[in-house]
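Results of the structural survey
One letter stands for each residue in the lines below.
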Amino acid sequence: MSNLAILPILLPFLAGVLVAFFHKNLIASRIFSIIATVIHLALTIFIFMSVQESGTYVLEVGGWEAPFGIVIVADPLSALLTMTTAVVAMAAVIYAPKSLSRIQEEFYFYSFFFLLIAGVNGAFLTGDLFNLFVFFEVLLMASYGLIVLGNGKAQLRESLKYILINLFSSMLFVTTISFLYSVIGTVNMAQAAERVGEVEQQGVLTVIGILLFFVFATKAAVFPLYYWLPSSYTVPNAVVSALFGALLTKVGVYSILRTFTLIFNYEVDLTHTLFIYLAMFTMIFGVIGALSTNNVKLIIAYNVIPAVGFMLMGIGIFTETSIAGSIYYLVHDMIIKAVLFLLIGAVTYAAGTSDLKKMGGLIHHYPVLGWMFFLSTLVLAGIPPFSGFIGKLLLLQGGLNQEEILIVIVALISSLGILFSMIRIFIGGFWGEADIMDLPKQKPSLSAMTWPVGILLSLSILLGVGAEMFYPAVSSIAEYVMDPELYIESVLKE
């Protein structure tokens, strides 16, 4: 059964290679991609259920035992995130034909798409830091291909910025891994977790940990390293923006969660206190960005940033309740960000502009789209009983239990700011007078765009109203994450 652990990586990787051979046959590419994503989703659901029942799956590639060889670890946390990734991928691949132009689809979109999913899954499943770097590069190379799909000057400018930032981050990543290896003699996460306590110069390890956090914080868009994100997430096609917003920053958050609960968990007063302050500033500046623009795409992109702050808040508080809140919020945000980027793609397509001041009355033509956006706004802002509320409730509870009153206040104010920024789009774009009565007749119905988004939105709502079904699993995952010995024993078989 341990061989199952590599399939969420192997299946999309092979699909990406195979679809490249008939990339100009769009009908075949679409059908093949949907079949592959359905199989991928079924597989990740099976793996998650199996891990919940039987425990962690560890695959030692090539028969080399850990910590000497490459290990793929499907534990409860990584299995949950690969399953959520598969759900987002399924909606994106159905939405893509209505969002992309023919030339964009033909230009290896589906190959890049599958390679991105393979890289994201690999980052979630790998058991050593060097292969985490490798899978980061896989997903980044795929994202480079996706971000340049198109021919606009803005795309070229933002793609160059995106590539340069990530190249610098990647160089720092591999350098930091080499520093860590020189100190503890391993890059296997489980063995590293064992050896950090044996090092006499703990200060050196703390510096290495902070450097590693800097790398992951750049990927996750934590303050003050978020400056690259908003424009880079708005210039690509809507389906590409949805994949970026739902998945890429979450890989950075996952990496912080994994390494600072497993390896660098000995200087909590220093590192995790730093996380709390950075989480506060991330929330504040993300909300300010969302309130400062009339570009609806930028509003959604800026709202990615405070969500990262909420997740980092739970890691900084570092209790079982707060970690459960971060995990719940992570899953919630992967789904709802995909929903919002896909919805805003449909909105800008219908309105013919992304400028909020030039919109109005969309709900008269697209009532389903309008009310879906309104529901998504409530989910994102954390209005009870939706999924955003459950995650925030756990985070606030964890903060109050640890008497972190300041960040609790900032989190509540940020939630109001998020709600206000999103309600601006609903009031300005959907409500009011019908300013777009004479829509071009050749524009097709948006139903092909809205129904895959509706499935994602329904799942997000279920994650909130059905919290009593999902919370026990999340709570058990948080308990597992807070006990590093369980991970170490699974990988090293001690």
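Residues numbered from 1 in each chain as written. Predicted model: local features only at pLDDT ≥ 70, side-chain atom pairs only at ≥ 80, totals over all residues. Heavy atoms only, no water.

Over its 32 residues, helix 14 (residues 320–351) runs 45 Å from end to end, which matches the ideal 46 Å to within 8%, given 1.5 Å per residue. The buried count for helix 14 comes to 29 of 32 residues, which makes it a mostly enclosed element. Directly after helix 14, the chain includes Gly-352, whose backbone phi takes a positive value near 75°. (Helix = DSSP H or I, 4+ residues; strand = E, 2+ residues; numbered from the N terminus. Expected span 1.5 Å × (residues − 1). Buried < 20%, exposed > 50% of the residue type's maximum accessible area, 1.4 Å probe, protein only.)

This part covers the packing of helix 1 (residues 7–19) against helix 4 (residues 102–125). Their axes nearest at 8 Å, the elements helix 1 and helix 4 cross at an angle of 165°. Classified by the angle their axes make, helix 1 and helix 4 are roughly antiparallel. Considering the relative orientation of helix 1 and helix 4, their crossing is left-handed. When helix 1 is examined against helix 4, the residues Pro-8, Ile-9, Pro-12, Phe-13, Ala-15, Gly-16 and Val-19 are found in contact with a partner set consisting of Tyr-110, Ser-111, Phe-114, Leu-115, Ile-117, Ala-118, Asn-121, Gly-122 and Leu-125. Residues of the contact of helix 1 with helix 4, tallied by class, amount to twelve nonpolar, four polar and no charged. (Axes fitted to C-alpha atoms, helices over the stretch in contact; angles between N-to-C directions. Parallel < 35°, antiparallel > 145°, perpendicular 65-115°, else oblique. Left-handed = near helix turned anticlockwise from the far one by under 90°. Contact = heavy atoms within 4.5 Å. Nonpolar A, V, L, I, M, F, W, Y, C, P; charged D, E, K, R; others polar.)

Further remarks concern a negative patch on the surface. A cluster of acidic residues, Glu-320, Glu-479, Asp-483, Glu-485 and Glu-489, forms a negative patch at the surface. In this structure, Glu-479 sits in helix 20 (residues 467–481). (Patch = residues over 30% accessible without salt bridge, like charges linked within 9 Å, V, L, I, M, F, W, Y side chains within 5 Å. Areas by Shrake-Rupley, 256 points an atom, 1.4 Å probe, with all protein chains shown as cover. Salt bridge = Lys/Arg side-chain N within 4 Å of Asp/Glu carboxyl O. Lys, Arg positive; Asp, Glu negative; His and termini not counted. Charge placed at Lys NZ, Arg CZ, Asp CG, Glu CD.)

Further remarks concern the packing of aromatic side chains. Tallying each qualifying case throughout the model produces 32 aromatic pairs. Seen from their ring centres, Trp-371 and Phe-426 are 5.6 Å apart, and the 50° between their planes marks the pair as tilted. You can see Trp-371 sitting in helix 16 (residues 367–381) and its partner Phe-426 sitting in helix 18 (residues 405–430), a full 55 residues away along the chain. Among the aromatic residues, those joined into a cluster by ring pairs are Trp-371, Phe-373, Phe-374, Phe-426, Phe-430 and Trp-431. (Phe/Tyr/Trp six-rings, centres within 6.5 Å; stacked < 30°, edge-to-face > 60°.)

Moving on to the confidence of the model for the protein chain. Predicted confidence across the protein chain gives a mean pLDDT of 90, with 96% of residues reaching 70 or more. Counting interchain partners and residues more than four positions distant, the pLDDT-below-50 stretch residues 436–444 has 13 contacts. (pLDDT = per-residue confidence, 0-100.)

On to the packing of helix 6 (residues 153–184) against helix 8 (residues 202–220), then. Packing of helix 6 against helix 8 brings their axes to within 9 Å, and their N-to-C directions diverge by 155°. With respect to helix 8, the axis of helix 6 lies roughly antiparallel. Helix-helix and strand crossings are classified by hand; for helix 6 and helix 8 the assignment is left-handed. In contact with Ile-165, Asn-166, Phe-168, Ser-169, Ser-170, Leu-172, Phe-173, Thr-176, Phe-179, Leu-180, Val-183 and Ile-184 of helix 6, helix 8 contributes Val-204, Leu-205, Ile-208, Leu-211, Leu-212, Phe-214, Val-215, Phe-216, Thr-218 and Lys-219.

The subject of this paragraph is the pattern of salt bridges. Under the criterion given, the structure shown has seven salt bridges. Residue Arg-157 pairs with Glu-158 through a salt bridge whose shortest N-O separation is 3.3 Å. Exposure remark for Glu-158: the relative accessible area of 3% places this residue in the buried category. Connected through salt bridges with shared partners, the residues Arg-157, Glu-158 and Lys-161 form a single ionic network.

This next bit is on unusual backbone geometry. Residue Pro-224 is reached from Phe-223 by a cis peptide bond, and omega for that bond is 0°. Here Pro-224 lies in the loop between helix 8 and helix 9 (229–232). Between Pro-384 and the following residue, Pro-385, the backbone shows a cis peptide bond with an omega angle of 5°. You can see Pro-385 is positioned in the loop between helix 16 and helix 17 (387–401). One non-glycine residue, Phe-318, adopts positive backbone phi at about 60°. Within the element layout of this structure, Phe-318 appears in the loop between helix 13 (304–317) and helix 14. Residue classification places Phe-318 among the buried positions, given a relative accessible area of 17%. For Glu-403, which is not glycine, the phi torsion reads 60° and is therefore positive. Mapping Glu-403 onto the fold places it in the loop between helix 17 and helix 18.

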